[in-house]
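As a plain string of letters, each chain reads:
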Amino acid sequence: MRAIAIDGPAGAGKSTVARRVAERLGAKYIDTGAFYRALALKAREAGVSADDEEALARLWAESEIALEGAGGAVRIRLDGRDVTEAIRRPEIGAAASRVARHPAVRAAVVARLRHLAEREAVVMDGRDIGTVVLPEARIKIFLTASPEARARRRHAELAAAGYAVRFEDVLAELVARDRQDMTRETAPLRKAPDAIEIDTTDKSIEEVVGAIVALAEAQH
Ligand code: C5P
């Protein structure tokens, strides 16, 4: 399989790195967290609890979630509405992590992701891509960074998007979300045995992108 799987905790740089690797290799970038976030947003708006597995699975079946465009211009649509910015709200990240605990939800999302990867060369980022979604991916990367470095990046991103949040709150939210993602029973966040771990704490984005592109090119 031509896919590249990039997993890791929140704020490790996955989406920026995955997007640029995809651009360099002429592959399609797929942000898998966007599917859980879009479902979490819809559940909130519909008054469906993030604990109600059955209702969430039903909601997913009724929803149309699409990634449109390529490169830096990918837009996320939920039932035809552009929710690209709305799903980035910090509370939606936390809600997505709760929604993503449920096996029925994960099974539905994973089926959709596999279908997307069958059609073309993809770079997918998430939590379970190398372990569950695409275990046959030709390259698996596990990106990490210290919690402080990850919180600093997330804080800067949120500030740039106009959210006035405190660094301490971002750090606390990130640590709580990691704990939830690593300890859940279904597809917890963990490094696949054959994944290459890259600690991005003291690396530039370009360094990390370059290393992954070099790995991909070496396999041709
Ligand atoms: O990566 P992002 O912050 O957008 O993901 C939001 C949440 O969605 C994560 O905290 C995680 O709980 C869930 N997720 C997941 N599996 C993925 C991608 C995201 O469980 N492949």
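Up top is the structure.
Residues numbered from 1 in each chain as written. Predicted model: local features only at pLDDT ≥ 70, side-chain atom pairs only at ≥ 80, totals over all residues. Heavy atoms only, no water.

Comments concerning the overall build of the chain
And step 1. Helix and strand content of the chain: nine helices and eight strands.
And step 2. The C-alpha radius of gyration of the chain comes to 16 Å, within 12% of the 17 Å expected for a compact globule of 220 residues.
And step 3. With the C-alpha coordinates aligned to their principal axes, the bounding extent of the chain is approximately 50 × 40 × 35 Å.
And step 4. The buried share of the chain, taken over its 220 residues, is 47%.
And step 5. Looking at the chain alone, contacts between residues at least 24 apart form 73% of all its contacts between residues at least 6 apart.
And step 6. When the accessible surface of the chain is summed, it comes to about 10300 Å², and 51% of that surface belongs to carbon and sulfur atoms.
And step 7. The distance from the centre of the 35 positive side-chain charges to the centre of the 35 negative ones in the chain is 1 Å. (Helix = DSSP H or I, 4+ residues; strand = E, 2+ residues; numbered from the N terminus. Rg over C-alpha atoms; globule rule 2.2 N^0.38 Å. Buried < 20%, exposed > 50% of the residue type's maximum accessible area, 1.4 Å probe, protein only. Contact = heavy atoms within 4.5 Å. Areas by Shrake-Rupley, 256 points an atom, 1.4 Å probe, with all protein chains shown as cover. Lys, Arg positive; Asp, Glu negative; His and termini not counted. Charge placed at Lys NZ, Arg CZ, Asp CG, Glu CD.)

Thoughts on the nonpolar core
And step 1. Counting 39 residues, the largest nonpolar core has Ile30, Phe35, Ile76, Ile87, Leu113, Met124 and Leu134 as its most contacted members.
And step 2. Elements supplying a minimum of two residues to this core: α2 (33-46), α3 (53-62), β3 (65-68), β4 (75-78), α4 (90-99), α5 (103-119), β6 (122-126) and α6 (129-133).
And step 3. Those residues in contact with isoleucine 30 that sit more than four places away from it in its chain are Phe35, Leu67, Leu113, Leu116, Val122, Val123, Met124 and Asp125.
And step 4. Counting 18 residues, the second largest nonpolar core, distinct from the first, contains Val17, Ala18, Val209 and Val213. (Core = buried A, V, L, I, M, F, W, Y, C linked by side-chain atoms within 4.5 Å.)

Some words on the site of the ligand
And step 1. Contacts to the ligand come from 16 residues, most closely from Arg37, Arg106, Asp128, Arg177 and Asp181.
And step 2. Between the ligand and the protein, one listed contact pairs an oxygen atom with a side-chain N or O atom of aspartate 181 at 2.6 Å.
And step 3. Protein contacts shield 96% of the accessible area of the ligand, which totals 460 Å² for the unbound molecule.
And step 4. Taken together, the elements giving at least two residues each to the shell around the ligand come down to α2, α4 and α8 (167-183). (Near = heavy atom within 4 Å. Polar contact = N/O pair within 3.5 Å; in protein donor to acceptor, adjacent residues only side chain to side chain.)

Digging into empty space enclosed by the protein
And step 1. Taken as a whole, this structure holds one cavity of 30 Å³ or more when the rule is applied.
And step 2. Empty space within the largest cavity amounts to approximately 40 Å³.
And step 3. At the level of elements, β1 (4-7), α6 and β7 (139-144) are the ones that each hand at least two residues to the lining of the largest cavity.
And step 4. Element by element, the count of residues in the lining of the largest cavity is highest for β7, at three residues.
And step 5. Taken together, the residues of the lining of the largest cavity break down into five nonpolar, two polar and four charged. (1 Å grid on protein atoms, 1.4 Å probe; cavity = no way out; pocket = protein on both sides within 12 Å on 5 of 7 lines; lining within 4 Å. Points joined across faces, edges and corners; volume = space filled by probe spheres on them. Nonpolar A, V, L, I, M, F, W, Y, C, P; charged D, E, K, R; others polar.)

As for the packing of helix α7 (residues 147-160) against α8
And step 1. Direction vectors running N to C along α7 and α8 enclose 120°, while the axes themselves pass 9 Å from each other. In this view, α7 runs oblique relative to α8, as classed from their interaxial angle. Seen along the crossing, α7 lies across α8 with a hand that is right-handed. On α8, the residues that touch Pro147, Glu148, Arg150, Ala151, Arg152, Arg154, His155 and Leu158 of α7 are Phe167, Val170, Leu171, Leu174, Val175, Arg177 and Asp178.
And step 2. Among the residues forming the contact of α7 with α8, the class breakdown is eight nonpolar, one polar and six charged. (Axes fitted to C-alpha atoms, helices over the stretch in contact; angles between N-to-C directions. Parallel < 35°, antiparallel > 145°, perpendicular 65-115°, else oblique. Left-handed = near helix turned anticlockwise from the far one by under 90°.)

Thoughts on unusual backbone geometry
And step 1. For aspartate 79, which is not glycine, the phi torsion reads 50° and is therefore positive.
And step 2. Topologically, aspartate 79 is positioned in the loop between β4 and β5 (81-82).
And step 3. For aspartate 79, a relative accessible area of 41% translates into the label partly exposed.
And step 4. Within the chain, alanine 187 stands out as a residue other than glycine whose phi angle is a positive 45°.
And step 5. Residue class for alanine 187 comes out buried when judged on its relative accessible area of 13%.

A few points about the sheet that holds β1
And step 1. Strand order in the open sheet made by the five strands is β2-β6-β1-β7-β8, with parallel pairing throughout. For this open sheet the edge positions go to β2 (28-31) and β8 (196-199), each flanked by a neighbour on one side alone. Taken pair by pair, the neighbouring strands of this sheet meet at an average axis angle of 20°, ignoring direction.
And step 2. Pairing geometry for β1 and β7, over four bridges, is parallel. By the bridge assignment, alanine 5 is partnered in β7 with lysine 140. (Pairing = 2+ DSSP bridges.)

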